[in-house]
Amino acid sequence: MTDQLPTTFNPADIEARWYQYWEEKGLFRPERPDAEAFTIVNPPPNVTGSLHIGHALDNTLQDIVVRYERLRGKDALWVVGTDHAGIATQMVVERQMEERQDKRTNYSREDFIDKVWEWKHESGGTITRQLRRLGCSMDWSREQFTMDEHFTGAVLKTFVDLYNDGLIYRDKRLVNWDPKLKTAISDLEVETQDLKGSFWHFKYPLEDGVTLDDGRDYIEVATTRPETMLADMAVAVHPTDERYASVVGKHVVLPITGRKVPIVADEHADPELGSGAVKITPGHDFNDFEVGKRAGIAAGDMLNMLDGDANVCQTSDGRVPEEFLGLHRFKRDGTPGARELVIERLKEQGFLIPYITKTKKGEEVELDAEPRTIATPFGDRGGVVIEPWLTDQWYVDAEKLAAKPIEQVKSGEIEIIPQSWEKTFFNWMENIQPWCVSRQLWWGHRIPAWFGPKIQDDVVSFDQTASDSPVFVAATEAEALDKARAYYSKAGYEVSVSDGVEGTFEDFLDDFDEDQEQALKTVQVWRDPDVLDTWFSSALWPFATLGWPDETSVRAEPVEVRADNDVSSDDTGPSTSSGQTVSLLEKHFPNNLLISGFDILFFWDARMMMMGQYNMGKAPWLKLYLHGLVRAADGAKMSKSKGNVVDPLGLIDEYGADALRFFMAAMESQGRDIKMDNERVKGYRNFATKLWNATRFCQSNGIGASDTLAAPDAKLAANQWIIGEVQQTVEALDAAMADLRFDAAANTIYQFTWSRFCDWYLELIKPVFASESVRPEVLSPSKGEGSDSDAARTSTSSARTAVEETREVAGWALDQILVMLHPFMPFITEELWHAQGALNGPENGNPRSEYPIITAKWPDPRANVSKPATQAIDWVIELTSNVRSAKNELGIAPGAKLAAFLPSASELASSTIERSSAAIERLARLTPVALGEAPDGPAMQVTAGSDVFVIPLEGIIDIAEEKARLEKALAASQKEAKSLEGRLGNANFVERAKPEAVEKAKADFAHHSAEAERLTAALARLG
RNA sequence: GGGCGUAUAGCUCAGGGGUAGAGCACUGUAUUGACAUUGCAGGGGUCCCAAGUUCAAAUCUUGGUACGCCCA
């Protein structure tokens, strides 16, 4: 095995192999029924999606935490699955159809959905395969999909429960309508962009005989959307605006439509803006909708002039001229729309007030409109301008559901990391609007509501817009039918379910025959054709994936009651003690942690909080960790349109999954975005190679796997030292992980591995192996260096040689590195773990060889750190560094082996020279140190701690250079000493500063002034 | 308009009331012994500006400036 590791680490050779090994052996979730649970749910990626760099970050962080907790012995569960992603997936399939000159409406609803399922089966495995390449240790055995049968059950139950509790209702109001996708979308799915646009000014003539105080017979209004004037229903002026006070209550007669509409007083009109008068189109503008309501116009009476494609249709008062009907709202693909025609007609008729401005040359010019920047709403998926449209939709009463989550974050029950996100969270949650959850799509969870006609005085009528229109909400058709029967039996009607509704209500209305129903005394109910917002289902992810609602759960009371009856949280959980079966849901809910990008804080995280509280009576997780975006190297946001996306799979191909993962961890500091940097990924690939070669070195010296979790007994200073260093590293790593400081954690293990273990420890132990053949050194019991207790603890054979001890300690330390690094670099660590196991494996009864690293045990050094050993090795390191530095400055070949004299050795020096002479000689490249005066002659002088070594350099050294070098060092010491002296001379400092600060200053001063003295003496010796 | 964040070495970023750190880049240098995907050594910073608090401010407070993000 020794020579089986190739010189260079090639990630591709090992990654697939180990992943398959882990997955096949079920190691992502080993049976640990009695262990403490640790649970994370993965933000379900879109089923037809593929892994982008943001996924790589998000999943790397989660995998680090999950692997860490698994190593620490917990029953770690990482729930994985995919999201059906209603709009996105339907769009993908429709786009494919388009390429074949086909379209959705060529199919029945059922057939289309079948086609989407086909596509799901075909492409749904892409992202899950890619997550595997990244090394993510998810529980694939329970992979979930938001449209799985049980998950759909959870969605329907939630809808029905919310409806019964009055927290879901149907309402007619303006929605954000996407005319491309022809569906309503929620506020969150709207992205506002500032565009250059125009502000047109019009004259609206006052009704006969009415004039303003200044005599004008018109009111000037201005708008960025002239086309909507076809559905104008009022003109608003501010109540305190004296210019218009006399005409409030009077009317204007609209050009083009001839509609006579009132002038109303409303605070929405801004006297400073334009003329101070504003046209009101309640059916096509959110502000105007509110103004209209205040003016007493019911939502049902508001005029609508656009169809679902945003083409002009006739208003209910029939006043839109023929030539406008069918035009798109505005110019599209070069074809002028209603906007252009409205402007043209108004201009012709003299109602357009031109905008006068000056060119750069100072010439006056007349424009149709004032140029202006307009905040324009776009649909985040469809990419077209959103049209506020008056429709009936289902709404979730988010305000009520938000109350408890707000409280939970305020009280700290839910911790948001970094905390700075709390303010953003509160700001949104406290101003939350009703959540529109119905979507006019086919792919998704169909809303479990059945509508029926209204029967009054034995007249059957259907009015979908009537608020008292009968609706039966139930999880199944049978239940809904039961409810409908109970309802209609009172009027003596039979009920059947219409299966003809595949499109919109309008489609149904075409088939609807009121007279026939009335004659036959039978009514048809039909299921709402709409589906639910994707985020409605993913909001249930933390518990529906664990079996809710089939498994026991504590269904909470409706929120209003719950607020003052809060007993749900700390009782009833069945104990996890032995013998009792505990369901997955009971054990793993609430989840411990959620890791998500801040971009889905509102879309997903907040809604999980609401639904977790509603369905489970608890917060869905205890901590929420929000990470930033991965940006392109220049700091720009990555986007397909910019063409600057970095493919994580490409990075894995080039540098290995371990390197990419380590990059993500090392760069992840709280509250900051990550800029992509391939050089850095490369650097971590190099780090993997370094570890690889360190292991090869160990193997070539017979260093194999450790067989104890506790640190081996050690007598040699270097071995004692590295044990202490491991201990410190574990502590630092645990602290970083506890705080979710991924960068600190990654840097800790990086520095330890490279700068301590490779750079110093392996160098320090080389002499042990070099001397093996010459004089196998038998270690005598230690000589009062504080390690007696260690020796007593593991009283193995006392005749252990230095080589044997070092093999044990080095093998142990390497094992600890592998385990500590495993969460970050799972592949290489598993490979090396087995390579090491092969060297000291089952044939020796090594228990460590019985399990792979993925289920190994987290380091537990349980050793007393030897202070003398630490001091000794630190002293050796200082000496070595100073000798190297001096040589470098004096231009002496680094390899030159020099003689060193120590005229006056400190206790530390003499004991260390005695114990670790071989290491000193090798690292500092000195011949054995002679205690005593050096012979006269040119020499350089090097310090280590309080010791000054004299290194004769007859013939090699230029005294002037050595003098210059020492003077430079002296100046530095004197500067430090002087500064400290000044501070210590300040009475205020000595009296008022913290005692520790004063102590430290004194100690530093003593150190620097002693150093200065030593250097002065050294200079004096040079003459 | 409201809110949030960031500003530290050439670059990307940690840190943080006691006088400055990492990686990369740069300079010099080494090479029969784990590793050139390497070793060793080194240069490089008015910690954005100003005021305040303090014995002491890069750090805390306030106010600027610049950039970025979110909401309206």
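S.K.: How would you explain helix H23 (residues 742-770) if you had to name every residue and give the values?
M.R.: Across its 29 residues, H23 extends 39 Å between first and last C-alpha, which sits within 8% of the 42 Å expected from 1.5 Å per residue. Of all the bends in H23, the largest measures some 40° and sits at Phe757.

S.K.: Tell me about the sheet that holds strand E17 (residues 387-396), residues and numbers included.
M.R.: Judged by pairing direction, the sheet is antiparallel, and its four strands sit side by side in the order E6-E5-E17-E19 without closing on themselves. Strands at the two margins of the open sheet, each flanked by one partner only, are strand E6 (183-185) and strand E19 (435-436). Alignment of E17 against E19, held across two bridges, turns out to be antiparallel. Along E19, the bridge assignment pairs Tyr395 with Cys436.

S.K.: Give me the sheet that holds strand E26 (residues 522-527): which residues, what numbers.
M.R.: The strand order across the open sheet formed by four strands is E24-E21-E26-E25, and the pairing between neighbours is mixed. A single partner strand is all that each edge strand has here, and the edge strands are strand E24 (471-473) and strand E25 (494-498). Pairwise comparison of adjacent strand axes, ignoring direction, gives a mean angle of 30° for this sheet. On top of the sheet, helix H11 (residues 477-489) reaches strand E21 (449-451), E24, E25 and E26; it is set at about 145° to E25, its chief contact.

S.K.: Tell me what's going on with the environment of Pro434, and back it up with residues and numbers.
M.R.: Within the secondary structure layout, Pro434 lies in the loop between helix H10 (421-429) and E19. A residue is classified by how much of its surface remains accessible, and Pro434, at 24% relative accessible area, is partly exposed. Note: C-alpha distance between Pro434 and Lys400 (34 residues apart in sequence) is 9.6 Å. For Pro434, the contacting residues outside a window of four places in its chain are Tyr169, Arg173, Tyr395 and Val396.

S.K.: Any chance you could break down the packing of aromatic side chains for me, citing the residues and the numbers?
M.R.: If you walk through the whole model with that rule in mind, you get 40 aromatic pairs. Pairing Trp394 with Phe451 gives two aromatic rings, centres 6.4 Å apart and planes at 40°, and the pair type is tilted. With Trp394 in strand E17 and Phe451 in strand E21, this residue pair connects regions lying 57 residues apart in the sequence. Accessibility classification places Trp394 together with Phe451 in one group, the buried group. Ring centres of Phe543 and Trp548 lie 5.3 Å apart, and the angle between their planes is 90°; on these two criteria the pair is classed as edge-to-face. The buried category is assigned to Phe543, whose relative accessible area is 0%. Through successive ring pairs, a cluster of aromatic residues spans Phe159, Tyr163, Trp394, Trp435, Phe451, Trp526 and Phe536. Above the plane of the ring of Trp22 lies Arg67, whose end atom (NZ or CZ) is 4.4 Å from the centre.

S.K.: Account for the pattern of salt bridges, with residues named and values stated.
M.R.: If you walk through the whole model with that rule in mind, you get 45 salt bridges. The closest approach of N and O atoms between Arg661 and Asp63, which form a salt bridge, is 2.7 Å. Residue Arg661 is located in helix H20 (residues 657-667), and its partner Asp63 is located in helix H2 (residues 53-71); the two are separated by 598 residues in the primary sequence. Residue class for Arg661 comes out buried when judged on its relative accessible area of 0%.

S.K.: So what's going on with unusual backbone geometry? Which residues, and what values?
M.R.: Ile417 connects to Pro418 through a cis peptide bond whose omega is -5°. Tracing the chain through its elements places Pro418 in the loop between strand E18 (415-417) and H10. Omega for the bond connecting Trp548 with Pro549 falls within 30 degrees of zero, at 5°, which places this linkage in the cis form. If you trace the backbone, Pro549 turns up in the loop between helix H15 (541-544) and helix H16 (559-563). Phi at Lys182 takes a positive value of approximately 55°, unusual for a residue other than glycine. On the secondary structure map, Lys182 appears in the loop between strand E5 (168-178) and E6.

S.K.: Give me the protein's contact with RNA strand B: which residues, what numbers.
M.R.: The local shell around RNA strand B holds 35 residues, among which Ser669, Arg672, Thr689, Trp754 and Arg992 are the closest. Each atom of RNA strand B within 4 Å of the protein belongs either to a base or to sugar and phosphate, the latter forming 64%. A distance of 3.1 Å separates a base nitrogen of RNA strand B from a polar backbone atom of Ala694. A distance of 3.1 Å is found between a phosphate oxygen of RNA strand B and a side-chain nitrogen or oxygen belonging to Ser885. Counting residues per element, the ones that place at least two in the surface near RNA strand B are helix H21 (678-700), H23, helix H27 (867-890) and helix H31 (987-992). For the surface near RNA strand B, the residue count by class is nine nonpolar, eleven polar and 15 charged.

S.K.: Before we move on, could you go through the nonpolar core and cite the residues and values that matter?
M.R.: Grouped together as the largest cluster of nonpolar side chains are 139 residues, with contacts concentrated most on Phe662, Phe757, Tyr761, Phe824 and Met940. The element contributing the most residues to this core is H23, with 14 residues. Here this core spans two domains, and each of domain 2 (677-865) and domain 3 (869-1022) adds at least three residues to it. For Phe757, the residues in contact, after removing those within four places along its chain, are Cys698, Ile722, Phe752, Leu762, Ala810, Ala813, Leu814 and Ile817. Membership of the second largest hydrophobic core comes to 63 residues, among which are Ile432, Trp526, Trp604 and Met609.

S.K.: Describe the side chain of Glu422, with residues and values.
M.R.: The residue Glu422 is located in helix H10 in this model. Not counting residues up to four positions away in its chain, the partners in contact with Glu422 are Val409 and Ile416.

S.K.: Report on helix H6 (residues 149-164), specifying residues and quantitative values.
M.R.: If you check H6, its first and last C-alpha atoms are 22 Å apart, about what 16 residues at 1.5 Å a residue would give, namely 22 Å. The set of residues buried in H6 consists of Phe151, Ala154, Val155, Leu156, Thr158, Phe159, Val160, Asp161 and Leu162. Immediately beyond the C-terminal end of H6, within one or two residues, lies Gly166, with a positive phi of roughly 75°.

S.K.: Report on the domain arrangement of chain A, specifying residues and quantitative values.
M.R.: The assigned domain composition of chain A is domain 1 (176-379), domain 2 (677-865) and domain 3 (869-1022). Taking only C-alpha atoms into account, the centre of domain 2 sits 31 Å from that of domain 3. At the boundary of domain 2 with domain 3, total buried surface from both sides reaches about 1,300 Å², with 66% on carbon and sulfur atoms. A per-residue breakdown of the area domain 2 buries against domain 3 is headed by Trp721, Trp760 and Leu764, which together make up 41% of the total. Counting the contacts that link domain 2 with domain 3 gives zero salt bridges. Between domain 2 and domain 3 we count one residue pair in polar contact (both at pLDDT 80 or more) in total. Looking at which element gives the most residues to the side of domain 2 that touches domain 3, the answer is H23, with five residues.

S.K.: Explain the confidence of the model for chain A to me, and be specific about the residues and the numbers.
M.R.: Across chain A, pLDDT averages 86, with 92% of residues at or above 70. Of all secondary-structure elements in chain A, the lowest mean pLDDT belongs to helix H24 (residues 788-793), at 34, while H2 reaches the highest, 96. Low confidence marks residues 553-579, where pLDDT is under 50. Its contacts with residues over four positions away, or in another chain, come to 35 contacts. Scored below 50 in pLDDT, residues 781-798 shows 18 contacts in the model against residues more than four places distant or in partner chains.

S.K.: How would you sum up a negative patch on the surface? Please name residues and give values.
M.R.: Residues Glu110, Asp111, Asp114, Glu118 and Glu122 make up a contiguous surface patch of negative charge. Counting through the fold element by element, Glu122 comes out in helix H4 (residues 109-123). Residue classification places Glu122 among the exposed residues on the basis of a relative accessible area of 61%.

S.K.: Let's hear about the packing of H20 against H21: which residues, and what values?
M.R.: Where H20 meets H21, the axes come as close as 8 Å, and the angle between the chain directions of the two elements is 115°. With respect to the hand of their crossing, H20 and H21 are arranged in right-handed fashion. Contacts from Ala659, Leu660, Phe662, Phe663, Ala666 and Met667 in H20 reach Arg680, Val681, Tyr684, Arg685 and Phe687 in H21. When grouped by side-chain class, the residues that make up the contact of H20 with H21 number nine nonpolar, no polar and two charged.

S.K.: How would you summarise the pairing of strand E29 (residues 621-627) if you had to cite specific residues and measurements?
M.R.: Most of E29 is tucked away, with five of its seven residues classed as buried. Inspection of the sheet shows E18 paired to E29 by three bridges, in the parallel sense. When the sheet's bridge partners are listed, Ile416 is paired in E29 with Leu624. Across six bridges, the pairing between strand E28 (residues 591-597) and E29 is parallel. When the bridges of E29 are listed, Leu594 appears paired with Leu624. Handedness of the crossover joining E28 and E29 through helix H18 (residues 601-616) is recorded here as right-handed.

About the cut-offs
Residues numbered from 1 in each chain as written. Chains lettered and ligands numbered in written order. Predicted model: local features only at pLDDT ≥ 70, side-chain atom pairs only at ≥ 80, totals over all residues. Heavy atoms only, no water. Helix = DSSP H or I, 4+ residues; strand = E, 2+ residues; numbered from the N terminus. Expected span 1.5 Å × (residues − 1). Bend = angle between axes of the 7 residues up to and from the residue. Pairing = 2+ DSSP bridges. Axes fitted to C-alpha atoms, helices over the stretch in contact; angles between N-to-C directions. Contact = heavy atoms within 4.5 Å. Buried < 20%, exposed > 50% of the residue type's maximum accessible area, 1.4 Å probe, protein only. Phe/Tyr/Trp six-rings, centres within 6.5 Å; stacked < 30°, edge-to-face > 60°. Lys NZ or Arg CZ within 6 Å of the ring centre and 35° of its normal. Salt bridge = Lys/Arg side-chain N within 4 Å of Asp/Glu carboxyl O. Near = heavy atom within 4 Å. Polar contact = N/O pair within 3.5 Å; in protein donor to acceptor, adjacent residues only side chain to side chain. Nonpolar A, V, L, I, M, F, W, Y, C, P; charged D, E, K, R; others polar. Core = buried A, V, L, I, M, F, W, Y, C linked by side-chain atoms within 4.5 Å. Domains from an automatic or database assignment. Buried area = accessible area lost by both parts, 1.4 Å probe. pLDDT = per-residue confidence, 0-100. Patch = residues over 30% accessible without salt bridge, like charges linked within 9 Å, V, L, I, M, F, W, Y side chains within 5 Å. Areas by Shrake-Rupley, 256 points an atom, 1.4 Å probe, with all protein chains shown as cover. Lys, Arg positive; Asp, Glu negative; His and termini not counted. Charge placed at Lys NZ, Arg CZ, Asp CG, Glu CD. Left-handed = near helix turned anticlockwise from the far one by under 90°. Right-handed = clockwise from strand over helix to strand, strands pointing away.

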